Amino acid sequence: MLKVFGFVKRNARLTHDEYRAGHVGHHNSFGRRLRHIRGYVLNVQSNRTPDDVLGSLAATVTRGEPTDFDERWDGWGQLLFDSLEDYLAARQGEPDRAAEGGLVRDPRVGTTGGDGPHLYSGAPFQFHVDEHVAVPVRRPERKLCKLAQFAKRPAHLAPEQFRAYWTGRYAALVSQLPGLRGYIVNFRTPLDVMSGFFEPDSPAFTPEGAAEREAFYAQWDGIAELWFDRSEDFVAGRSSRELSAPLDALEKELFDAVWYREVDETVVVVPNRAPAPPFYYR
């Protein structure tokens, strides 16, 4: 399974909530029709600050957060495909529009509705991630609280050690949090998922676009996704006598910097890692 993240910054003409409406609405209505898509999830920064979400716990679980972090993004999409080949061919769309002569391909799918220049500021920061599913996600038929944990690797840990420790001892402890409905850890890889997906004249391929992207990547080395019924469940579990001390100690060893954001999750196409059926479905 190929998993791709795409972080985006809203167009300056839009408020954060206007951007949310445009991305969840018009843009997603075309993105869900990409060819062979196996999962599509949109995460938009919530309207609550970390202090609103975490309360007094924020000071304990936040360390070294970049001061300009929120200036670089408003949301991120997650795309799942069976292979890199399917992902690169996704903009061809499917023959899913009924016309007089039968089903035809909708050319608007290739541009995801053509709203990109009006919805975003610059090109998405799009990259491939290698995921570790510590706790499979169990979504009820209602909105969950989703937290994104960003962390930076200390210089003395090699990337392989960093990943092993995070997905090993640390993930084993986090997985014990009461009420945890899902826990996935993602690590960016060097696989190029921008060439062949974006047009050659995209702002993504300019020196300025590359510099902005690399500056964002330099701020963190891994992103974890955590799901709970309510943020209070995370706060209570993370503050508990059983887990607080061992998690604090591991985080000081494992993370040079660590911080959280709450995101509002829209499941556009339910992630499906099982073999695809031989017919059109979403």
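Residues numbered from 1 in each chain as written. Predicted model: local features only at pLDDT ≥ 70, side-chain atom pairs only at ≥ 80, totals over all residues. Heavy atoms only, no water.

## Section: the pattern of salt bridges
Side chains that carry opposite charge are capable of pairing whenever their charged atoms lie near each other.
Inference 1: Under the criterion given, the structure shown has 27 salt bridges.
Inference 2: Among the ionic pairs, Arg10 bridges to Asp74, the shortest N-O distance being 3.2 Å. Note that Arg10 is positioned in the loop between strand 1 (2-8) and helix 1 (16-31) and Asp74 in the loop between helix 3 (58-61) and strand 3 (75-81), a separation of 64 residues in sequence.
Inference 3: Looking at Arg10, the relative accessible area reads 23%, which means it is partly exposed.
Inference 4: Since its relative accessible area comes to 5%, Asp74 is described here as buried.
Inference 5: Taking the shortest distance from any N to any O, the salt bridge between Arg48 and Glu262 comes out at 2.7 Å. One end of the pair, Arg48, is in the loop between strand 2 (39-45) and helix 2 (50-54); the other, Glu262, is in strand 10 (residues 257-269), with 214 residues separating them in the sequence.
Inference 6: For Arg48, a relative accessible area of 35% gives the class partly exposed. (Salt bridge = Lys/Arg side-chain N within 4 Å of Asp/Glu carboxyl O. Helix = DSSP H or I, 4+ residues; strand = E, 2+ residues; numbered from the N terminus. Buried < 20%, exposed > 50% of the residue type's maximum accessible area, 1.4 Å probe, protein only.)

## Digging into the layout of surface pockets
Inference 1: In this structure, the largest pocket spans a volume of roughly 690 Å³.
Inference 2: Arg91, Thr112, Tyr120, Pro124 and Phe198 are, among the 30 residues lining the largest pocket, the residues nearest its centre.
Inference 3: Breaking the lining of the largest pocket down by element, the ones donating at least two residues are strand 1, helix 1, strand 3 and helix 5 (116-119).
Inference 4: Residues belonging to the lining of the largest pocket are distributed by class as follows: 12 nonpolar, 14 polar and 4 charged. (1 Å grid on protein atoms, 1.4 Å probe; cavity = no way out; pocket = protein on both sides within 12 Å on 5 of 7 lines; lining within 4 Å. Points joined across faces, edges and corners; volume = space filled by probe spheres on them. Nonpolar A, V, L, I, M, F, W, Y, C, P; charged D, E, K, R; others polar.)

## Focus on empty space enclosed by the protein
Inference 1: One pass over the full model with this rule turns up 2 cavities of 30 Å³ or more.
Inference 2: Around the largest cavity, the lining residues are Gln149, Tyr170, Val174, Leu177, Tyr183, Leu226, Phe234, Arg238, Leu247, Glu251 and Tyr260.
Inference 3: At the level of secondary structure, the elements contributing two or more residues to the lining of the largest cavity comprise helix 6 (159-174), helix 8 (231-238) and helix 9 (244-254).
Inference 4: Computed from the structure, the second largest cavity encloses a volume of approximately 40 Å³.
Inference 5: Lining the second largest cavity we find Tyr165, Arg169, Tyr170, Leu250, Glu253 and Leu254.
Inference 6: Within the residue set of the lining of the second largest cavity, elements represented by two or more residues are helix 6 and helix 9.
Inference 7: Along the lines of polarity and charge, the residues of the lining of the second largest cavity split into 4 nonpolar, no polar and 2 charged.

## A closer look at the packing of aromatic side chains
Inference 1: The full count for this structure, using the stated rule, is 33 aromatic pairs.
Inference 2: Feature note: the residues Phe5, Phe7, Phe69, Trp73, Trp76, Phe125, Phe127, Phe150, Phe216, Tyr217, Trp220 and Trp259 constitute an aromatic cluster, connected by ring pairs.
Inference 3: Over the aromatic face of Phe197 sits the side chain of Arg91, whose NZ or CZ is 4.5 Å from the ring centroid.
Inference 4: The side chain of Arg169 reaches across the aromatic face of Tyr165, ending 5.1 Å from its centre. (Phe/Tyr/Trp six-rings, centres within 6.5 Å; stacked < 30°, edge-to-face > 60°. Lys NZ or Arg CZ within 6 Å of the ring centre and 35° of its normal.)

## Remarks on the sheet that holds strand 8 (residues 182-188)
Inference 1: Judged by pairing direction, the barrel is antiparallel, and its 8 strands sit side by side in the order 1-3-2-10-7-9-8-6 before closing back on the first. Adjacent strand axes in the sheet meet at a mean angle of 30 degrees, parallel and antiparallel pairs treated alike.
Inference 2: Where strand 1 lies against strand 6 (residues 125-135), 5 bridges are found, and the strand directions are antiparallel. Each residue of the ladder has a partner; that of Phe7, found in strand 6, is Phe125.
Inference 3: Across the sheet, helix 1 touches strand 1, strand 2, strand 3 and strand 10, and the angle it forms with strand 2 is around 175 degrees. (Pairing = 2+ DSSP bridges. Axes fitted to C-alpha atoms, helices over the stretch in contact; angles between N-to-C directions. Contact = heavy atoms within 4.5 Å.)

## Thoughts on the nonpolar core
Inference 1: In terms of nonpolar packing, the biggest core is built from 33 residues, with Leu54, Trp166, Tyr170, Tyr183 and Leu226 touching the most fellow members.
Inference 2: A per-element tally of this core places helix 6 first, with 6 residues.
Inference 3: Filtering out sequence-adjacent residues up to four positions away, Trp166 remains in contact with Gln149, Ala151, Ala171, Tyr183, Val185, Phe187, Gly222, Ile223, Ala224, Leu254 and Phe255.
Inference 4: Listed in part, the 19 residues of the second largest apolar core include Leu2, Phe30, Met194 and Phe197. (Core = buried A, V, L, I, M, F, W, Y, C linked by side-chain atoms within 4.5 Å.)

## Points about the pairing of strand 7 (residues 145-152)
A regular strand places its side chains so that they alternate between the two faces of the sheet.
Inference 1: Burial analysis of strand 7 places 7 of its 8 residues in the buried class, which makes it a mostly covered element.
Inference 2: As judged from the 7 bridges shared by strand 7 and strand 9 (residues 222-228), these two strands associate in the antiparallel manner. For Gln149, the partnering residue across the bridge sits in strand 9 and is Ala224.

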